[in-house]
Each structure stands twice: as C-alpha cells, then as structure tokens.
Amino acid sequence: MNQSDIDTLRSQVLSPRSHFIGGRWVAASEGGQRDVLSPIDGAVLTQIAEGTPADMEAAIAAARAAFEDGRWSRRAPAERKKVLLKLADLIEKHALELAVLGVRDNGTEITMAMKAEPMSAAGTFRYYAEAIDKVYGQIAPTADSVLGLIHHAPVGVVGAIVPWNMPLMIGSWKLAPALATGNSVVLKPAESASLSLLKLAELAAEAGVPDGVLNVVTGSGRVVGEKLALSMDVDIMVFTGSGATGRRLLEYSARSNMKRCYLELGGKSPNIVFNDAPDLSEAAKVSAGGIFRNAGQICIAGSRLLVQEDIHDEFVAELVKHAEAMRVGNPLDLDTQIGAVHSISELESNLDFVAKAEAEGAERRTGDGRILEETGGYYMAPTVMTGVKPTDNLFQNEVFGPVLSVTPFKDEEEAIRLANSTVYGLSSGVWTSNLSRAHRMIAGIRAGVVHVNTYGGSDLTVPLGGVRQSGNGHDKSLHAFEKYLDLKTAWIKL
Ligand code: ADP
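Our subject in this report is the structure included herewith.

Cut-offs applied
- Residues numbered from 1 in each chain as written.
- Predicted model: local features only at pLDDT ≥ 70, side-chain atom pairs only at ≥ 80, totals over all residues.
- Heavy atoms only, no water.
- Helix = DSSP H or I, 4+ residues; strand = E, 2+ residues; numbered from the N terminus.
- Buried < 20%, exposed > 50% of the residue type's maximum accessible area, 1.4 Å probe, protein only.
- Phe/Tyr/Trp six-rings, centres within 6.5 Å; stacked < 30°, edge-to-face > 60°.
- Lys NZ or Arg CZ within 6 Å of the ring centre and 35° of its normal.
- Core = buried A, V, L, I, M, F, W, Y, C linked by side-chain atoms within 4.5 Å.
- Domains from an automatic or database assignment.
- Contact = heavy atoms within 4.5 Å.
- Near = heavy atom within 4 Å.
- Polar contact = N/O pair within 3.5 Å; in protein donor to acceptor, adjacent residues only side chain to side chain.
- Areas by Shrake-Rupley, 256 points an atom, 1.4 Å probe, with all protein chains shown as cover.
- Nonpolar A, V, L, I, M, F, W, Y, C, P; charged D, E, K, R; others polar.
- Pairing = 2+ DSSP bridges.
- Patch = residues over 30% accessible without salt bridge, like charges linked within 9 Å, V, L, I, M, F, W, Y side chains within 5 Å.
- Salt bridge = Lys/Arg side-chain N within 4 Å of Asp/Glu carboxyl O.
- Lys, Arg positive; Asp, Glu negative; His and termini not counted.
- Charge placed at Lys NZ, Arg CZ, Asp CG, Glu CD.
- Arc of directions from axis to C-beta.
- Axes fitted to C-alpha atoms, helices over the stretch in contact; angles between N-to-C directions.
- Left-handed = near helix turned anticlockwise from the far one by under 90°.
- Right-handed = clockwise from strand over helix to strand, strands pointing away.
- Parallel < 35°, antiparallel > 145°, perpendicular 65-115°, else oblique.

What about unusual backbone geometry?
For M258, which is not glycine, the phi dihedral falls at a positive 55 degrees. The topology assignment puts M258 in the loop between α9 (243–255) and β11 (260–264). A positive phi angle, near 60 degrees, is found at F400, a position not held by glycine. You can see F400 is positioned in the loop between α13 (393–396) and β18 (403–409). On the basis of relative accessibility, which here comes to 15%, the residue F400 falls in the buried class.

Now the structure itself:
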C-alpha cells in the first residue's frame, strides 16, 4: 500500500448505491435515498437506498426461496468452500479499493483499516471455507437396537445487523460462517457505513454465491432493521451494536417467532496495570494504542485504565506522552495514527462525556477536545481523565471515543472488584509478571477476553464474545459455527 495508490482512490466520485436483493441491484421501493456523509470533511460522499419495509420483505423472501430450493443450502460443503475461497481471493484483489471506500464513510485510519477490514475479511472467509468440509456429525452411543445420528443442519435465514465501525471485519465474522454452513443471509449494514459491504455483496456474486443467498438492504435501523428482526421468516439474528438496540432485538424476537438473537454489544473494558508489569513503558505504549486507535471506536477498546497506586503518577505521565505523540488527522494519510470520529453526533457525545467527567471531579490530563475543525471533518484529541471514581458516569458508561478513564487501585482484590463493577463484560487486560496473579485475574475478571501483558490484536483462531450486558454468543473461531447450525437428531429403530 502506498500513498499515491490511496490518493488515486480517495477522490473518486461514487455513484448512488441500491439494495442487493435476489442477485440484482434494486432501488428503494419508494425511490428514497439517504445521503452518506464523510467524517473526513463532513461532505456528502454519495447516496444509499432508503429501505422500506417492503424492500426488507422482498429480501427476506428472496433469502427464504434460495434456502428452501437448496441452491446453496444443499450443495456439498466442498463446493461451498470453493466459492468462498474465490470470494476471499476477490476481497484480497480489491483490498485497497474496499479499504478506501470504508475509510471514506467511516473514518478509520487507513493503516488499521487495510489490515482490519479487507485483509481480515479475506482471512475470515478463507478460514470458514477451509473449515466447513471438516465438520462431522455424530453417532450416539445407543443400544444396538437403535441408531442415534446427530446432524448439523443450517438454521435457514440469518438476519445480520452490523455497526459502522469495522463493517467489513464484523460483517465477515457473521457472513462467512453463516454462508459456509449453507444458510441464506439478509444483511442490514449501518446507515452511515454501508458502502464496503455493498461492494462485498458484488464480489460474492462474482465468486459464485447464488442469487438470493446474500442480500443487502440499506437504510434506517428503526425501519428496515426492525422489519428484519420482527420477521416470522428469519430464523436467527446476529448483531453487533449498542445495548439499546440489542435490547430491542430481544423484544422483537419475543413479539415475533422467538428467534435466537446473538448480540455483541458494548464494553467498558478494564485494562489493569500492576506495579510488577514486565515492562511499564511498553504497557503505557500498548495501552495508549488499545484505547486511542480508530479514535476509540472499537468495541473491545481498553477504555478503563486501572493502575496500582504506587506507580499511578509515573505510568499516567508516560501514557500521556504516548497519547500526545499520536498523530490525529486525515485517515487516508498513511502517517495518521488516529483517524476521524465517525459523525458529528458521536463527537458531541464524546465531548459531553468529558464535560460530565470534569463536573464529577475528574482531571483532564491531556486532550483539547475537537481539533482540525477547519477541515469540516470530525476529529478529537486523545483525552486522558484521571481521578475517575467508580460511581462516575465515565467509569460506568461506554464513550466509544478517544477518552480514557483512569482510576488507581491498591491490591489484586480491589482490582478485580473495580474491574467487575460495571454492567459490561467484553474485554480486559492485565499487566503483571507474576504468573499466579495473571491466572487469578483471568479467573476473577468477568469478561469474554482477558489479555495478559498485551492489549488487542488477537486472531481468528480464538472466539470473541461478551458476558453480562456485553452480549452472548461468539464471533470468530470454530465456535462461531454453533450459532448457524441446529442440532438435529435422527432416532432410527434397527
Ligand atoms: P451504534 O452505536 O453502533 O450506532 P446501533 O445499535 O444504533 O449502534 O446501530 C447498530 C446497527 O443497528 C445499525 O445497523 C443500525 O441501523 C441498527 N439499528 C438501530 N436501531 C435499530 C432497531 N430499532 N432495530 C434494528 N436495527 C437497528
């Protein structure tokens, strides 16, 4: 990847996009379009279709028809594998185009976007494609007079709703295992970050995913998202986004066909630094990256730093140094380390969190609020707030922006108590050179992921999922298959 290739793509005019339903590009039934703004400069980038309930019904019908006639669901796994491997190759071939497209509507710095979006998406499709012809059913240990077979059956029609941060990566975490297992999918991207997923649908068709097997409907969550989740003909929902929407999906499920809902929600992940960390300077650097990359807009961001009290001042000073050295700027410049905040409303919400924290007595150690306003884009300086009390708003609630909350602790017991004192349980980090302490912390912290002496950067081989109000179910790893396959018993009298 070099700057001149990026520069060729960054100003390309983008024509308005339609839904992708039944293998065709389809305009919204009422002709509506929605502007897509770029967080880079606040300007209108293009338009997407403003989906209606009728559009969503058409997509669900296309997915159902494709599933029932077996054009994909009854193909041999090895054949689905071939198609999905081809899709992985196509994603890689179009990686820069996909990455730039995604950055233009969501603001992630291109260095991170390239790895985390198309390259990770290609890896995800390859992983599940390779895995699908290695999944066996079981024979139950019954008496000789009967045969108990345990089949894995695709669930049917999967409704997938994904957010604006890392749409290709998160979208692929859901699409790849869902498609590999033979399901049909209706995908609803976030209204402000649909472009790279629409391109993915185009590549999927080129790779040979049959018409109707992958459908994408764009538009408002409250209109098309709700219609999808309330459908009697959708078998499961897979979702990444806010707790408020997750709660609604459960409600829609209860009001319709009681479909299973797998939710990956927010976090307020504790990153815990003990005085015996192997390398405090490395811990400070990685911790700064763990909250500030992508302007803090990562669900597992280590947004709640807990530091042992005797190293608190020294550690915070080092971390502030790293934060101030990170270059905030145009996400399409290769030397940018922190890109744009996704939207003006996100930016305002971030600033409000800081103001409230100050009102509750926290101290702003670095961070000048909104910066680079003259660009028209939405940028915010990485912000470190110390003296945050466990009862404070900033300690308890997810900002989803470049704002780090810092709180001192005395000992291991207090660290675990503080770590577990929010409603969330997504990610966490522990820095210590004491092996026994590391294992006690792994056991004590209520979270889906515990990083030890690092933060972030895991790969596809391990599951990601939250506990408590951070959600349920897992993306990534072979465990993700469990969501998309039902167990079916055949009980045969011999
Ligand atoms: P975020 O804070 O990431 O914007 P949201 O939960 O609002 O979180 O959005 C995540 C996804 O959920 C988006 O695709 C959005 O359109 C969708 N969404 C929002 N509200 C609803 C809803 N009531 N029903 C279904 N989907 C929704």
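Still to come is the rest of the account.
Some details on the packing of aromatic side chains
All chains considered together, the criterion is met by five aromatic pairs. Where Y127 meets Y128, the ring centres are 4.9 Å apart and the plane angle is 80 degrees; that geometry is what we call edge-to-face. According to the relative accessible area criterion, Y127 is partly exposed, its value standing at 24%. Seen from their ring centres, W164 and F400 are 5.5 Å apart, and the 80 degrees between their planes marks the pair as edge-to-face. With W164 in the loop between β7 (157–161) and α6 (167–180) and F400 in the loop between α13 and β18, the pair connects residues that are 236 residues apart, well separated along the chain. An identical accessibility class is assigned to W164 and F400; each is buried. Through pairs of rings, three or more aromatic residues link up here, namely Y127, Y128 and F481. The ring of W25 carries R17 above its face, with NZ or CZ at 4.7 Å from the centroid.

Some points on the nonpolar core
By size, the foremost hydrophobic cluster in this structure holds 69 residues, and its most contacted members are L84, L87, I91 and F125. The residues that make up this core include at least three from each of domain 1 (3–265 + 471–493) and domain 2 (270–458). In this structure F125 touches L84, L87, A88, I91, S172, L175, A176, L179 and L200, once residues within four positions along its chain are discounted.

Notes on the site of the ligand
Around the ligand there are 19 residues in total, and V162, K188, E191, S242 and T245 lie nearest to it. Between W164 and the ligand, the recorded distance is 3.3 Å, taken from a side-chain N or O atom to an oxygen atom. Protein burial of the ligand: of its 550 Å² of free accessible surface, 83% is covered by the chains. Of all the secondary-structure elements, those providing two or more residues to the shell around the ligand are α8 (221–230) and α9. Of the residues assigned to the shell around the ligand, the class counts are nine nonpolar, five polar and five charged.

With respect to the sheet that holds strand β14 (residues 363–366)
The sheet built from seven strands is open, its strands ordered β14-β17-β18-β13-β12-β19-β20 with mixed pairing. Only two strands of the sheet have a single partner each, and these edge strands are β14 and β20 (451–452). Pairing of β14 with strand β17 (residues 383–386), which is carried by three bridges, proceeds in the antiparallel orientation. Opposite T366, over in β17, you have V384 as the bridge partner.

Quick word on a negative patch on the surface
A cluster of like negative charges, contributed by E309, D310, D313, E314, D411 and E413, occupies part of the molecular surface. Position of D411 relative to the elements: it lies in the loop between β18 and α14 (412–419). Taking relative accessible area as the criterion, D411 reaches 36% and is therefore assigned partly exposed.

Structural notes on the side chain of R80
Here R80 shows up in helix α3 (residues 77–93). Within the buried core, R80 has no salt-bridge partner, and the shortest N-O distance to an opposite charge, that of E79, equals 8.6 Å. Dropping the residues within four chain positions of it, R80 is found in contact with W72, S73, R75, I132, L179, A180, T181 and G182.

Section: helix α15 (residues 435–444)
Those residues of α15 not exposed but buried are R437, A438 and M441. The buried side chains of α15 occupy one side of the element, clustering within an arc of 105 degrees when seen end-on. Of the exposed residues in α15, the ones pointing more than 90 degrees away from its buried face are L435 and A443. Next to the buried residues of α15 lie β12 (270–273), α14, β19 (429–431) and β20.

What about the environment of R304?
For R304, the position within the fold is in strand β13 (residues 304–308). Judged by its relative accessible area of 0%, R304 is buried. Between the alpha carbons of R304 and S269 there is a distance of 5.8 Å; along the sequence they are 35 residues apart. Excluding anything up to four places from it in sequence, R304 contacts K268, S269, P270, N271, F395, L404, S405, L418, A419 and T422.

Quick notes on the packing of helix α2 (residues 53–69) against α8
It is the contact of α2 with α8, at a shortest axis distance of 9 Å, that shows an interaxial angle of 40 degrees. Crossing handedness for the pair α2 and α8: right-handed. Residues P53, M56, E57 and I60 of α2 pack against V223, V224, K227 and L228 of α8. Tallied by class, residues from the contact of α2 with α8 come to six nonpolar, no polar and two charged.

Re the pairing of β13
Of all the five residues making up β13, five are buried; the element is thus mostly covered by neighbouring parts of the structure. Covered by surrounding structure in β13 are R304, L306 and Q308 together with L305 and V307, the residues of both alternating faces. The β-α-β motif built from β12, the intervening helix α10 (residues 280–292) and the parallel element β13 has right-handed crossover chirality. Sheet topology places β13 next to β18; five bridges connect them, and they run parallel. Across the sheet, residue Q308 finds its bridge partner in β18, namely F409.

Some words on the packing of α3 against helix α7 (residues 195–207)
Two elements in contact, α3 and α7, have axes whose closest approach is 8 Å; the angle formed by their N-to-C orientations is 130 degrees. Taken together, the axes of α3 and α7 lie oblique to each other. Crossing of α3 over α7 shows right-handed handedness. Facing V83, K86, L87, L90 and I91 of α3, the residues of α7 in contact are L200, L203, A204, E206 and A207. Here the contact of α3 with α7 is built from residues that sort into eight nonpolar, no polar and two charged.

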